[in-house]
Amino acid sequence: MSRLIGMIAAFVAGAGTAQGQAQPVQPPSESPAAPQATTPAAGDAAASEPMAPDAKFWQREDRWTARFEPGAWYPGLGGDVKLPRSTPGSNPRTGMRELNQDGGSYLAPFGEVNIRRGDWSLAARGFVWGSDQTAVGVDGRVGDLTIEDGDEVFSSIDVSNADLEVRYTFTPAPEDRLRPGKARVRTRLDAMGGVRLHDVDVLVQNRSLSSPGNEDSAQELFLTPVVGLKGSIEFYDQFSIDLQLAVGGLPWGDQQSLVGDVLVGGTWKPVGNFGVQLGYRALFFDFSSGDGSGAFELTGSLQGLYGGIVIEF
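Residues numbered from 1 in each chain as written. Predicted model: local features only at pLDDT ≥ 70, side-chain atom pairs only at ≥ 80, totals over all residues. Heavy atoms only, no water.

### Overview of the overall build of the protein
Point 1. Of the regular secondary structure elements, the protein holds two helices and 13 strands.
Point 2. Put simply, the protein has 313 residues, and 38% of those count as buried.
Point 3. Counting only contacts in the protein whose residues sit at least 6 apart along the sequence, the fraction spanning at least 24 positions is 69%.
Point 4. Summed over all atoms, the accessible surface of the protein reaches about 17,100 Å², with 62% contributed by carbon and sulfur. (Helix = DSSP H or I, 4+ residues; strand = E, 2+ residues; numbered from the N terminus. Buried < 20%, exposed > 50% of the residue type's maximum accessible area, 1.4 Å probe, protein only. Contact = heavy atoms within 4.5 Å. Areas by Shrake-Rupley, 256 points an atom, 1.4 Å probe, with all protein chains shown as cover.)

### So, the pairing of strand β12 (residues 274-289)
Point 1. In this structure, strand β11 (residues 255-271) lies alongside β12, joined through 15 bridges in antiparallel fashion. Of the residues in β12, the one forming a bridge with V259 is F285.
Point 2. In this antiparallel pair of consecutive strands, β11 and β12, the connection spans two residues.
Point 3. For β12 and strand β13 (residues 296-312), the ladder comprises 16 bridges, and the chain directions are antiparallel. (Pairing = 2+ DSSP bridges.)

### As for the environment of A72
Point 1. When you line up the elements, A72 lands in strand β1 (residues 65-82).
Point 2. Sequence spacing of A72 and G307 is 235 residues, and the spatial spacing of their C-alpha atoms is 5.7 Å.
Point 3. Leaving out residues up to four positions away in the same chain, A72 has contacts with L107, A108, F110, L305, Y306 and G307.

### A few points about the pairing of strand β3 (residues 108-117)
Point 1. The two faces of β3 differ: A108, F110, E112, N114 and R116 on one face are buried, but P109, G111, V113, I115 and R117 on the other face are not.
Point 2. Of the pairings in the sheet, the one linking β1 to β3 comprises nine bridges and is antiparallel in character. Pairing of G71 across the sheet is with F110, part of β3.
Point 3. Across eight bridges, β3 lies against strand β4 (residues 120-136) in antiparallel orientation. Its bridge partner being in β4, R117 is matched across the sheet by W120.

### Points about the pattern of salt bridges
Point 1. Tallying each qualifying case throughout the model produces 20 salt bridges.
Point 2. Linking D190 and R116 is a salt bridge whose minimum nitrogen-to-oxygen distance equals 2.8 Å. Residue D190 is found in strand β8 (residues 185-206), and its partner R116 is found in strand β3; the two are separated by 74 residues along the sequence.
Point 3. The class of D190 is buried, set by a relative accessible area of 3%.
Point 4. We classify R116 as buried; its relative accessible area is 9%.
Point 5. Taking the shortest distance from any N to any O, the salt bridge between R196 and D163 comes out at 3.4 Å. Of this pair, R196 sits in strand β8 while D163 sits in strand β7 (residues 152-171), placing them 33 residues apart in sequence. We note that R196, like D163, is buried. (Salt bridge = Lys/Arg side-chain N within 4 Å of Asp/Glu carboxyl O.)

### Some points on the environment of R207
Point 1. When you line up the elements, R207 lands in the loop between β8 and β9 (215-235).
Point 2. Between the alpha carbons of R207 and E152 there is a distance of 5.4 Å; along the sequence they are 55 residues apart.
Point 3. The contacts of R207, once residues within four sequence positions are left out, are T134, E152 and F154.
Point 4. Within polar-contact distance, the side chain of R207 engages the side chain of Q205 at 3.0 Å. (Polar contact = N/O pair within 3.5 Å; in protein donor to acceptor, adjacent residues only side chain to side chain.)

### What about the confidence of the model for the protein?
Point 1. Per-residue confidence for the protein averages 82 on the pLDDT scale, and 77% of its residues sit at or above 70.
Point 2. Here helix α1 (residues 2-22) stands out as the least confident element of the protein, with mean pLDDT 40; β12 is the most confident, with 97.
Point 3. Contacts for the low-pLDDT stretch residues 1-55, under 50 throughout, to residues beyond four places or in other chains number 13 contacts. (pLDDT = per-residue confidence, 0-100.)

### Structural notes on empty space enclosed by the protein
Point 1. Evaluation of the coordinates by the stated rule reveals three cavities of 30 Å³ or more.
Point 2. Empty space within the second largest cavity amounts to approximately 170 Å³.
Point 3. Contributing to the lining of the second largest cavity are 16 residues, with E69, E112, K230, D242 and Y306 lying nearest its centre.
Point 4. For the lining of the second largest cavity, the per-class residue count stands at five nonpolar, five polar and six charged. (1 Å grid on protein atoms, 1.4 Å probe; cavity = no way out; pocket = protein on both sides within 12 Å on 5 of 7 lines; lining within 4 Å. Points joined across faces, edges and corners; volume = space filled by probe spheres on them. Nonpolar A, V, L, I, M, F, W, Y, C, P; charged D, E, K, R; others polar.)

### So, unusual backbone geometry
Point 1. With a phi close to 60°, N100 is a non-glycine residue in the positive phi region.
Point 2. Mapped onto the secondary structure, N100 falls in the loop between β2 (94-95) and β3.

### With respect to the packing of aromatic side chains
Aromatic rings considered in pairs are described by the distance between their centres and by the relative angle of their planes.
Point 1. As enumerated under the stated definition, the model contains nine aromatic pairs in all.
Point 2. Within the aromatic cluster, the residues linked to one another by ring pairs are W73, F110, F127 and Y306.
Point 3. If you follow R207 out to its NZ or CZ, it ends over the ring of F154, 4.2 Å from the centre.
Point 4. The ring centre of W73 lies 5.2 Å from the NZ or CZ of R281, which sits over that ring. (Phe/Tyr/Trp six-rings, centres within 6.5 Å; stacked < 30°, edge-to-face > 60°. Lys NZ or Arg CZ within 6 Å of the ring centre and 35° of its normal.)

Okay, structure coming up:
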């Protein structure tokens, strides 16, 4: 019996020793005091800190913002003109080439102001352009003015324009416009509607004639409603490209006006509220007033580069 009790005691002691030796080789993942959890916890805390969005122009949707774009446009004129004739008879159009008005481009003050809040914005734009030229006359007539080959013909054409537009942003959705950090690409597409006022002044003079009736002229004012689209793409909150397309027309009594306008430009903002821009504008028009031999017509386009600065706040 004593021998059996001794064998049992030895077996129990051996099992206890084996259990104590197995504990250090258990996998660390099974240990309740594993230290690996400290690193993920620190990473989670850093990732949970929100990044404040940059206060850039397109992101400030909750208050009014303004953007001023003073500059200059350098367009050339092409097309033809008809001045009203006071007596019945043929009255053909005269090409800008015959008046030497298509030979170059001339600087014109040009500017735009944009005011925005949320989805809505208001824009005003305008320019004043003029050209005085002298040409060698070609046998014919301009309105009441008779021209013979070799006459010295002076012409002055002035066009001024004022635009007022309302725009509404329909893409992207409001929740997609404000994002943390700098966006690599940010887009906007606006629908636009407005009115344009065109003041046109044309004078043609035959300086080879000494009589009082050696000139003819016309001054007309045209009001035209327009609709269109404006798309904008901004890169890294510094570079942007804008494209606007507009068309419009209005038959009003004996006046008719048709316009088409394309503006494309790029802007670079080295600092948050200041930048420079360069672009191209092509303005097409067809203005007419009156009928028959007493009609005034100016058809053609002004096209050329423009440049300026951008100030926004």
